[in-house]
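Summary of structural features
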Amino acid sequence: MLTERESQVIQLIAEGLGNKEIADRLDISVHTAKFHIRNTFKKMGVTTRTKAAVEFIRIRSVAP
């Protein structure tokens, strides 16, 4: 289960934003953005941004 912040981060990854852009958009440091990305990837069982984005979109399309 992703936290609200992790969900926000993965949505921004799916939109194609980089770490700095994610940090700027969420008003957090790049370090914190990377922390959330690592946690999200671990929870989702993925190792790349592309796989994370695809999995996020797949889950969102199936969820009620």
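This write-up is about the structure you can find in this document. (Residues numbered from 1 in each chain as written. Predicted model: local features only at pLDDT ≥ 70, side-chain atom pairs only at ≥ 80, totals over all residues. Heavy atoms only, no water.)

Right, let's talk about the packing of helix H1 (residues 4-14) against helix H3 (residues 30-44) for a bit. In a pair of packed helices, the angle between the axes and the distance between the axes together describe the arrangement. Contact geometry of H1 with H3 gives a least axis separation of 9 Å together with a crossing angle of 90°. Taken together, the axes of H1 and H3 lie roughly perpendicular to each other. Residue-level contacts link Arg5, Glu6, Val9, Ile10 and Ile13 of H1 to His36, Ile37, Asn39, Thr40, Phe41, Lys43 and Met44 of H3. By residue class, the composition of the contact of H1 with H3 is six nonpolar, three polar and three charged. (Axes fitted to C-alpha atoms, helices over the stretch in contact; angles between N-to-C directions. Helix = DSSP H or I, 4+ residues; strand = E, 2+ residues; numbered from the N terminus. Parallel < 35°, antiparallel > 145°, perpendicular 65-115°, else oblique. Contact = heavy atoms within 4.5 Å. Nonpolar A, V, L, I, M, F, W, Y, C, P; charged D, E, K, R; others polar.)

With that settled, consider H1. Of the residues making up H1, those classed as buried are Glu6, Val9, Ile10, Leu12 and Ile13. One side of H1 carries all its buried residues, which in axial view fall inside an arc of 155°. Of the surrounding secondary structure, the elements contacted by the buried residues of H1 are helix H2 (19-26), H3 and helix H4 (49-62). Gly16 occupies a position one or two residues after H1 and carries a positive phi of about 95°. (Buried < 20%, exposed > 50% of the residue type's maximum accessible area, 1.4 Å probe, protein only. Arc of directions from axis to C-beta.)

That's the geometry; what it means functionally is another story.
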